[in-house]
Amino acid sequence: MESLNDADIQLARLKKRLDREQRARAESEAIAEKALSELYTKKKEIELLQLITVAANEASTVDDAMRTALDGVCAHTRWPVGHVHLKDSAGVLVSTSLWHLDNSERYKTFRKATEAMTFVPSIGLPGRVLEERKPAWIVDVTKDDNFPRSKAAQDTGLRAGFAFPVLVGEEVAAVMEFFSDEPAEPDDAVLTIMAHVGSQLGRVIERRRAEDALKLASQHKSQFLANMSHELRTPLNAIIGITEMLQEDARDSDRGNEFEPLDRVVRAARHLLAVINDILDLSKIEAGKMDLHVSSFEIAPVVQDVVNTVGTLAAKNQNSLKLECPPDMGFMCADQTRIRQALLNLISNAAKFTENGTVTISVSRTIAETGEWVVISVSDTGIGLTAEQKGRLFQDFVQADASTTRRYGGTGLGLAISRRFCQMMGGDITVESEPGRGSTFTIRLPAQETQSQAPVLPKSSPPTLRSTDSQRAPLILVIDDDDAVRKVTTHFLTREGFAVTTASGGREGLRLARELQPAAITLDIMMPDLDGWTVLAAIKGDPATAGIPVVLMTIVDEKNRGYSLGAADYMVKPVDWSGLSGVLRSICKSAGRGVLVVDDDDAIRSGLRRALHEGGWQVAEAENGRVALARLAEAQPDVIVLDLMMPEMDGFELLDALRSNRAWREIPVLVLTAKDLTDDDRARLNGGIERILQKRDRQELLSEVLDVLDRCIERRRGESIAVP
Amino acid sequence: MKGVVFNLLEAVVRRDYGDDTWEALLEAANTDGAYSSLGNYPDEEMMKLVGAASSALKMPADDVVRWFGRNALPLLANKHPHFFAAHKSTRPFLLTLNDVIHSEVRKLYPGADVPVFSYDTSSSEVLLMHYKSPRKLCALAEGFIEATAAYYAEELSLDQPECMNRGDDKCVLRVSVKKARG
Ligand code: HEM
């Protein structure tokens, strides 16, 4: 009896317990389902953001990026209508032709009504966004007081709407709006995502504006130079013409004593004219605006013609001119006028610096691996150049150096210009000389014009840079309009073991930064063509150069402005050279490369940031995968340090995103985790990982991370050296 | 409070006092007792269970909590061995509470409300841990620390010069350990 009772109690208890377990299980499942559906939504959001990020980076125009965003957002929200309004110069939103319409026939009336309107701040849905600079949501536009298109919406069956700003900094550059067929309550998750979309698109516009500004600035510069030279040439020509008239008068009326001073005026004016023409030529070459007129011509007659022209000048110093040119030299394909100009320059220089001697011009053809070349050399028996003079001649080739000017007379720019022309035609000018014995300048040009559009790189760096050793040296790009500064900086940094390339202006600097991908850039702030702030913004705004550390060099002390624009360091002129080389060395230690630290834990991030900064790294941070994607779009790091467990978008998801993007696939990833990885986890990580570090002691972790990253970069450098 | 804590309490009560005791506690505390480890449940339910245990076992509530902590920690160590395997001694383990252990706990159990300790490490002998929490569960911390020392086979001396339960604005846990002999 009693045992039966016991059993009953036992049974009742078990039943109760089972009941409880069932409830707990139901609850667990509910939690799991909710988490799954959240994950799914998050995944969709991430896909949308990824789409937009890629579009923002790869779209060739702002319109393309906007169109992708319209389609992406409509697909994400399953809303049928999306549209873009752009702000015009008067600050009013103007409708564009950018639409997403699931059914263009059905929404025709709404489209028409929209395109017929403009929106001022606070009027209508777009106007509200323009005014408040943040997203807005209308549950039902047909019932909204501030929705001027409500009739058209009613007629086409559109109900809910939301809009968000495309922000460039604080400024609303455009507004995107979307509509659905049903009334809908505001969805915070959607609005948050849209804020991201808006800022991504804002960056596309920002980049485009920077490019436009650059183009405009360079157009202004060219225009200015063209105007100036015209303004100068007109009166100069008048001076020359009138003075020559006066000379004739003087001769005719036998006032011979007036003749000589007038002659001096004419010569001075002609010299000035030549200087202006040279400067214009050089600036055109530097701006990439100098066009070559390539044609096929017979070599011998052209050379002969130039030699004849210089005959009188040579005779002045009792020099004899000797031309060694086989009559069957044949044809070449190049810009004849520029070759004449270069040759004339070399022969007249030779004649000027030789007395009672011989100037020999010899022409030949040679065959090399690189094809057939025409070689024209001009040798004199004059005073020659010392090794030091020769070095300076080429080192200072770009600019009119005072001593060069004295030595050669003329503008001193002739040689530089001639050389640039030859380089544009795929050749070069070189010099050999022995003091007291004479000099030989040699023009070498491809017989067949190979690459008339070859980029003109200023060869202002000393020749030693071409040795293998210096190829390993980190390359520093020095942007400064002052040739003395460029010279001194080049000299100093070369001595410190850096390779140096210089640019004399912002435009050229930006182009070189993109082409050469230097390890670091030193940038002057006060430059005539484009000021340093604009250049810095353009460097940081272009994904191709955003990762290159920039050290500002200037006389204006505005550190904070520099740092806020993304400068790595700041030096006030006069520059402390050892300070500069220390800064550059620490920047270049990691080849000036960047690391992105992705971890939701502030403490870990700030610890890593400090340690990595000291190790010379450029550190970007993100608190989760989603933010990391945004950072990646801003600037591509060389290495990523990644935590696995994070809210919003975890490490696994970010890795998936990295692998599905061609540009990011190769970035080495160092995983940090406090989790014991299961086989499943390892399978998901699937090899593409540099190294997995367990989170334990902070200090140990930091030094381990530094260690792995350093080795990682070492290896990559090794690779790039092995395959130059 | 996370369901996992209730699960732990259930596990140690069943193990040490039998299934009936747990049933009796649930009844006395008037809770339905269905706890899922990832769920969130009102703190009061835990306090009621502790209260019920205190009268059933004739033990002060603090002692119940301390006992719970002492017995729950080995279960946690079983579940998450890497937190412990990374160290050889109590002190370095305790120093990773904020940065590693509880920060990971927050991710493993979304919504977990774990305390943040601040440390005074000026002495290499004595570690001072400052604890502040509306739940005033310093006894739980004590239990955890006792079990941790046992885990590393160290002799522990632990007291609280300041305690919120005695009217101070924070608790100070004074911890020193030395390797157990033999
Ligand atoms: C000696 C080491 C530890 C101490 C002193 C400690 C201390 C505490 C304290 C005092 C609380 C109560 C929350 C409050 O005060 O507001 C707590 C909560 C918690 N701790 Fe720890 N803990 C330790 C180790 C661990 C370990 C190893 C784990 C798990 C791997 C863990 C997981 C948790 C969880 C899940 C909670 C509950 C959070 C919630 O319910 O919202 N703790 N810990």
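Procedures and definitions
Residues numbered from 1 in each chain as written. Chains lettered and ligands numbered in written order. Predicted model: local features only at pLDDT ≥ 70, side-chain atom pairs only at ≥ 80, totals over all residues. Heavy atoms only, no water. Helix = DSSP H or I, 4+ residues; strand = E, 2+ residues; numbered from the N terminus. Contact = heavy atoms within 4.5 Å. Areas by Shrake-Rupley, 256 points an atom, 1.4 Å probe, with all protein chains shown as cover. Buried area = accessible area lost by both parts, 1.4 Å probe. Salt bridge = Lys/Arg side-chain N within 4 Å of Asp/Glu carboxyl O. Polar contact = N/O pair within 3.5 Å; in protein donor to acceptor, adjacent residues only side chain to side chain. Nonpolar A, V, L, I, M, F, W, Y, C, P; charged D, E, K, R; others polar. Buried < 20%, exposed > 50% of the residue type's maximum accessible area, 1.4 Å probe, protein only. Near = heavy atom within 4 Å. Patch = residues over 30% accessible without salt bridge, like charges linked within 9 Å, V, L, I, M, F, W, Y side chains within 5 Å. Lys, Arg positive; Asp, Glu negative; His and termini not counted. Charge placed at Lys NZ, Arg CZ, Asp CG, Glu CD. UniProt positions renumbered as here; feature names shortened; annotations may be inferred. Phe/Tyr/Trp six-rings, centres within 6.5 Å; stacked < 30°, edge-to-face > 60°. pLDDT = per-residue confidence, 0-100. Pairing = 2+ DSSP bridges. Axes fitted to C-alpha atoms, helices over the stretch in contact; angles between N-to-C directions. Core = buried A, V, L, I, M, F, W, Y, C linked by side-chain atoms within 4.5 Å. Domains from an automatic or database assignment.

Considering the overall build of chain A
Along the backbone of chain A there are 23 helices and 23 strands. Partitioning the contacts of chain A with sequence separation of at least 6, the portion at a separation of at least 24 is 67%. With an accessible surface of roughly 35200 Å², chain A has 52% of that area assigned to carbon and sulfur atoms.

Concerning the interface of chain A and chain B
Listed as interface residues are 22 residues of chain A and, on the opposing side, 27 residues of chain B. Here chain A packs against chain B, burying approximately 2000 Å² in sum over the two surfaces, 48% of which is carbon and sulfur. A salt bridge links lysine 107 of chain B to aspartate 643 of chain A; the nearest nitrogen and oxygen atoms lie 2.8 Å apart. The tally of links between chain A and chain B comes to nine residue pairs in polar contact (both at pLDDT 80 or more). With 10 residues, the top contributor of residues to the side of chain A that touches chain B is helix α1 (residues 2-58) of chain A. Split by residue class, the side of chain A that touches chain B holds six nonpolar, one polar and 15 charged.

Observations concerning the side chain of threonine 360 of chain A
Residues and elements named next belong to chain A. Assignment of secondary structure puts threonine 360 in strand β10 (residues 358-368). Residue classification places threonine 360 among the buried positions, given a relative accessible area of 16%. Dropping the residues within four chain positions of it, threonine 360 is found in contact with Lys322, Glu324, Ser377, Val378 and Ser379.

Notes on the site of the ligand
All names here are of chain B. Neighbouring residues of the ligand: 27 residues in total, closest Lys2, His102, Asp113, Tyr131 and Ser133. Within the side chain of tyrosine 131, one N or O atom sits 2.4 Å away from an oxygen atom of the ligand. Arginine 135 places a polar side-chain atom, nitrogen or oxygen, 3.0 Å from an oxygen atom of the ligand. Counting only elements with at least two residues in the shell around the ligand, the list comes to α1 (3-17), α6 (90-95), α7 (97-108) and α8 (138-151). Here the element with the most residues in the shell around the ligand is α8; it accounts for five residues. By residue class, the composition of the shell around the ligand is 20 nonpolar, four polar and three charged.

With respect to the pattern of salt bridges
In total, this model carries 48 salt bridges over all chains according to the counting rule given. Salt-bridge contacts for lysine 16 of chain A lead to glutamate 27 of chain B; the nearest nitrogen and oxygen are separated by 2.6 Å. Placement of lysine 16 of chain A in helix α1 and of glutamate 27 of chain B in helix α2 (residues 19-29) is noted, with the two residues assigned to different chains. Taking relative accessible area as the criterion, lysine 16 of chain A reaches 42% and is therefore assigned partly exposed. Under the relative-accessibility criterion, glutamate 27 of chain B is labelled exposed at 54%. Between glutamate 105 of chain A and lysine 108 of chain A there is a salt bridge, with its nearest N and O atoms 3.1 Å apart.

Digging into a negative patch on the surface
Negative charge collects at one region of the surface, where Glu248, Asp249, Asp252 and Asp254 of chain A lie side by side. In this structure, aspartate 254 of chain A sits in the loop between α6 (188-252) and α7 (256-286).

A short note on the UniProt feature "modified residue: 4-aspartylphosphate" (unreviewed entry) in chain A
All names here are of chain A. In the numbering used here, UniProt assigns the feature "modified residue: 4-aspartylphosphate" (unreviewed entry) to Asp524 and Asp643. With respect to the helices and strands, aspartate 524 occurs in strand β16 (residues 520-524). The exposure class of aspartate 524 is buried, given its relative accessible area of 4%. When you line up the elements, aspartate 643 lands in strand β21 (residues 639-643).

Some details on a nonpolar patch on the surface
Residues and elements named next belong to chain A. A cluster of nonpolar side chains, Phe224, Met228 and Leu232, forms an exposed patch at the surface whose accessible area comes to about 280 Å². Structurally, leucine 232 can be placed in helix α6. With relative accessibility at 39%, the residue leucine 232 sits in the partly exposed group.

Here's the deal with the packing of aromatic side chains
Residues and elements named next belong to chain A. Summed over all chains, the structure comprises 16 aromatic pairs over all chains. When the ring of phenylalanine 164 is compared with that of phenylalanine 178, the centres are 6.1 Å apart and the planes differ by 10°; the resulting orientation is stacked. Remark: phenylalanine 178 occurs in strand β6 (residues 171-179) and phenylalanine 164 occurs in strand β5 (residues 161-168); sequence separation between them is 14 residues. Just as phenylalanine 164 is buried, phenylalanine 178 falls in that class too. Among the aromatic residues, those joined into a ring-pair cluster are Trp79, Trp137, Phe162, Phe164 and Phe178.

A word on the confidence of the model for chain B
Averaged over every residue, the pLDDT of chain B is 93; the share at 70 or more is 99%. Here the prediction assigns the complex a pTM of 0.44, and the interface score ipTM is 0.72.

Some thoughts on the pairing of strand β2 (residues 93-101) of chain A
In summary, the side chains of a regular strand alternate between the two faces of the sheet. All names here are of chain A. Here β2 lies mainly inside the structure; seven of its nine residues are buried. With antiparallel pairing between neighbouring strands as the criterion, strand β1 (residues 81-87) and β2 make up a hairpin whose turn holds five residues, including glycine 91 at a positive phi of roughly 80°. As defined by bridge partners, β2 adjoins strand β3 (residues 118-119) across two bridges and the pair is classed as antiparallel. Looking across to β3, one finds that valine 94 is bridged to threonine 118.

Details of helix α4 (residues 124-132) of chain A
Those residues of α4 of chain A that fall on the buried side of the exposure criterion are Gly124, Leu125, Pro126, Gly127, Val129 and Leu130 of chain A. Looking at the residues trailing α4 of chain A, positive phi occurs at arginine 133 of chain A, about 60°.

So, the side chain of aspartate 601 of chain A
Summarising the element assignment, aspartate 601 of chain A is placed in the loop between β19 (594-598) and α19 (602-614). Look at aspartate 601 of chain A and you get buried, because its relative accessible area is 11%. At 3.4 Å, the side chain of aspartate 601 of chain A and the side chain of serine 103 of chain B are in polar contact. What aspartate 601 of chain A contacts, discounting residues up to four positions off in sequence, is Asp99 and Ser103 of chain B.

Focus on unusual backbone geometry
Residue and element names in this part refer to chain A. Non-glycine residue arginine 133 carries a positive phi angle of around 60°. Mapped onto the elements of the fold, arginine 133 is located in the loop between α4 and β4 (136-138). What makes arginine 133 partly exposed here is its relative accessible area of 40%.

Points about the sheet that holds β4 of chain A
All names here are of chain A. Read across the open sheet, the six strands follow the order β3-β2-β1-β6-β5-β4; overall the sheet is antiparallel. Sheet topology places β3 and β4 at the edges, where each strand pairs with a single neighbour. The sheet contact formed by β5 and β6 spans eight bridges and is antiparallel. Bridge pairing in β6 places proline 165 opposite valine 175. Helix-sheet contacts for helix α2 (residues 62-77) involve β1, β2, β5 and β6, and the interaxial angle to β2 is about 55°. Docked against the sheet, α4 engages β1, β2, β3, β4, β5 and β6, running at close to 145° with respect to β6.

Digging into the nonpolar core
One broad rule of soluble globular proteins: the nonpolar side chains tend to lie buried together. Residue and element names in this part refer to chain B. Core analysis: the biggest nonpolar cluster contains 54 residues, and Leu49, Phe68, Leu94, Met129 and Tyr131 have the highest contact counts within it. Each of domain 1 (3-58) and domain 2 (88-179) accounts for three or more of the residues forming this core. With near-sequence residues (within four places) excluded, methionine 129 lies in contact with Leu94, Leu97, Phe117, Ser118, Tyr119, Ile145, Cys171, Val172, Leu173 and Val175.

Some points on the sheet that holds strand β1 (residues 118-120) of chain B
Residues and elements named next belong to chain B. Spatial ordering of the open sheet is given by β1-β2-β4-β3, a layout of four strands whose pairing is antiparallel. Each edge of the sheet is formed by a strand with only one pairing partner; in this case those strands are β1 and β3 (154-162). Adjacent strand axes in the sheet meet at a mean angle of 25°, parallel and antiparallel pairs treated alike. Where β3 meets strand β4 (residues 171-179), seven bridges bridge the pair, whose relative direction is antiparallel. Paired with leucine 158 across the two strands is valine 175, which belongs to β4.

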